[in-house]
Every structure is written in structure tokens, then in C-alpha cells.
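# Overview (structure and organization)
Each chain is listed here by its residues.
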Amino acid sequence: MNKEVLIEIKDLHAEINNVSILKGVNLTIRQGEIHAIMGPNGSGKSTLAKIIAGHPSYEITQGSITFQSQNITNLDPELRAHLGIFLAFQYPVEMAGVSNADFLRLAYNSNRKFKNLQELDPLSFFELVNKKLDLVGMDSKFLSRNVNEGFSGGEKKRNEILQMALLEPLLSVLDETDSGLDIDAMRVIANSINKLKSSTNSIILITHYQRLLDYIEPNFVHIMKNGQIEYTGDACLAKQLEKDGYDLLVPVGDQPKSA
């Protein structure tokens, strides 16, 4: 049975400060799929992640983004989040004076309000978030701490996955979630992501390293270069990249791009 298309990106061009970054990205993701995006520094991976989430600093000059058959090319980031798009940052920010519990409850209830659902009171929310804490292997003491303040790199990344678990997005864009993690922390986070995967949601993994894909097996691997997706393959493509490096991307004659 064919799965429904969740997000479709067509001929996407974008720039920041009059500098062109994306130069014709095409990408289709269906429900239940995991797509890994790899590529050298400056290839446009993180820019693509931010643009999907609606970052206001980037200007889309051509192309479109359709999410669940709705054109969201010019939609505000808050509305994209309410529709089910989640971005886990490569460098999660600290929020002084804002407790994790308050931040998470505000985000969760904001989504419920958008869907015309009753907001949860603090006690009911505490019961819910504790179940999510168990799922990602976090201690409840993190709820009383300020958002990411004094957190280790691994704790910050785990906190992002806690947000993902709580908000239950349809599309999660994880921008270098494995960056700065030791092997044990990466295994814990990868296992949490695998638990959150379902037949109705989809995940974009942006990573430099194949090692994350040892724990989370993607349906497709895309390699970006110069603001475009140059190659698409299965998990074997990431292993080839690990072995041969980005020299793989050097064109040979008139060799066509992989289908």
C-alpha cells in the first residue's frame, strides 16, 4: 500500500543576506520514512532544516514546500510547529529563568489550544511528562532546572528528544543530534528516537557521520553538495561515504545523478 506524502519540497532556492545557499532542492518524504541527509560543511544541510521549520532569516526565492497537501512556503514557524513540524537544534540554546517544566507545559498546551483541546493543569501535565522522561531515560530533576542551563552536550540533546516525545510531531527534523556525543550518549538518544518512530510520522536526520545510522536505519540517504541533493540511495550509501569520503561526489564524465 502506498504511503501518503507528508512533505514535498520542489525546486527550493533560498538565500540569507543576499548569499545563495539552496539552489534547487527536491525532496519527497512519505509517512513512516526516515531520511538521512549528509554532505560536507557548507552544503546546505542545516539551512534546509531551518527553512523547513520556517526560520525568518532565510528568504525563499524560488520553489515551494508542501506539508500534508498544504503550501507552507511562507507560513510562520509557530503555525508550522502547530501543524506538526519539529526542529531539534544542532546547538540547543539556554533559557535563563525559564524552568524546563514551565517551558514544556507551555509548548504542549499551546499545541492543544491550537487543536481546540483542553489545556492540561500542572498536575496532569506532570504525570504525562514523567512518562516521557522514562521513554528518553531522563531524571525528573531536569524538570526543575532552567532550560539547558548548565546541561552537558548529551543532556541538551536528550532534552530536545524529550520535547519531541512530548509534542509528538508528524515530521521531526534532527539537525546533527549526534554532534558532540560520546558513544554511550549517542546510543541512548538513538534508542529513544527509534521508540518514537511510527508508521504515521517521519524523521529527517542531518548528520556528518555514518555511526548514527548504525543505530537508526534510514529508508533513504541523501547527499547534499552546493545547495542541492546530488545523490540518493539506501543505507549502503552512507557506508560507502564513510569508506570513500566526499570524493564520491566528484562527477565522472557525464555520469547521471543516482535515482
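Residues numbered from 1 in each chain as written. Predicted model: local features only at pLDDT ≥ 70, side-chain atom pairs only at ≥ 80, totals over all residues. Heavy atoms only, no water.

### Focus on the overall build of the protein chain
- Within the protein chain, the secondary structure is distributed over 7 helices and 12 strands.
- Relative to the compact-globule value of 18 Å for 259 residues, the protein chain shows a C-alpha radius of gyration of 18 Å, a close match.
- The dimensions of the protein chain, computed from C-alpha atoms along their principal axes, are 65 × 45 × 40 Å.
- The burial tally for the protein chain puts 47% of its 259 residues in the buried class.
- Restricting to contacts in the protein chain with at least 6 residues of sequence separation, those with at least 24 account for 69%.
- For the protein chain, the exposed area adds up to about 13000 Å²; of that, 48% sits on carbon and sulfur atoms. (Helix = DSSP H or I, 4+ residues; strand = E, 2+ residues; numbered from the N terminus. Rg over C-alpha atoms; globule rule 2.2 N^0.38 Å. Buried < 20%, exposed > 50% of the residue type's maximum accessible area, 1.4 Å probe, protein only. Contact = heavy atoms within 4.5 Å. Areas by Shrake-Rupley, 256 points an atom, 1.4 Å probe, with all protein chains shown as cover.)

### Considerations on the sheet that holds strand 11 (residues 220-225)
- The mixed open sheet is built from 6 strands, whose spatial order is 6-9-10-3-11-12. Each of the sheet's edge strands pairs with one partner strand only, and the pair in question is strand 6 (85-88) and strand 12 (228-233). If you compare each strand with its neighbour and ignore which way they point, the axes differ by 20° on average.
- In the sheet, strand 11 pairs with strand 12 via 5 bridges, with the strands oriented antiparallel. Within strand 12, the residue paired with His222 across the bridge is Thr232.
- Relative to the sheet, helix 7 (residues 235-244) contacts strand 3 (34-38), strand 11 and strand 12, its axis offset from that of strand 11 by approximately 45°. (Pairing = 2+ DSSP bridges. Axes fitted to C-alpha atoms, helices over the stretch in contact; angles between N-to-C directions.)

### Examining the environment of Leu171
- Mapped onto the secondary structure, Leu171 falls in strand 9 (residues 171-175).
- Residues Leu171 and Leu6, 165 residues apart in the sequence, show an inter-C-alpha distance of 7.9 Å.
- Dropping the residues within four chain positions of it, Leu171 is found in contact with Leu6, Ile7, Ile52, Phe67, Gly84, Ile85, Phe86, Ser202, Ile203 and Ile204.

### Points about the pattern of salt bridges
- According to the stated counting rule, one finds 3 salt bridges in the structure shown.
- Asp184 is the salt-bridge partner of Arg187, the closest N and O atoms lying 3.1 Å from each other. Of this pair, Arg187 and Asp184 both sit in helix 6 (residues 183-196), 3 residues apart, which is roughly one turn of that helix.
- Arg187 gets classed as partly exposed once you look at its relative accessible area, which sits at 33%. (Salt bridge = Lys/Arg side-chain N within 4 Å of Asp/Glu carboxyl O.)

### Regarding the side chain of Ser172
- Within the secondary structure, Ser172 sits in strand 9.
- Judged by relative accessible area, which is 2%, Ser172 ranks as buried.

### A word on the packing of helix 4 (residues 122-136) against helix 5 (residues 153-167)
- The interhelical angle for the contact between helix 4 and helix 5, taken along N-to-C directions, is 125°, at an axis separation of 9 Å. Judged by the angle between their axes, helix 4 and helix 5 are oblique. As for how helix 4 packs across helix 5, the hand of that crossing is right-handed. Counting all contacts with helix 4, which are made through Phe125, Leu128, Lys132, Leu133 and Val136, the residues of helix 5 involved are Arg158, Ile161, Leu162, Ala165 and Leu166.
- Counted by class, the contact of helix 4 with helix 5 contains 8 nonpolar, no polar and 2 charged residues. (Parallel < 35°, antiparallel > 145°, perpendicular 65-115°, else oblique. Left-handed = near helix turned anticlockwise from the far one by under 90°. Nonpolar A, V, L, I, M, F, W, Y, C, P; charged D, E, K, R; others polar.)

### Focus: the environment of Val221
- Within the element layout of this structure, Val221 appears in strand 11.
- Owing to a relative accessible area of 0%, Val221 belongs among the buried residues under this scheme.
- On a C-alpha basis, the gap between Val221 and Leu104 in space is 32 Å, while along the polypeptide they are 117 residues apart.
- Apart from the residues lying within four places of it in its own chain, the contact partners of Val221 are Ala36, Met38, Leu213, Tyr231, Thr232, Gly233, Asp234, Ala235, Leu237 and Ala238.

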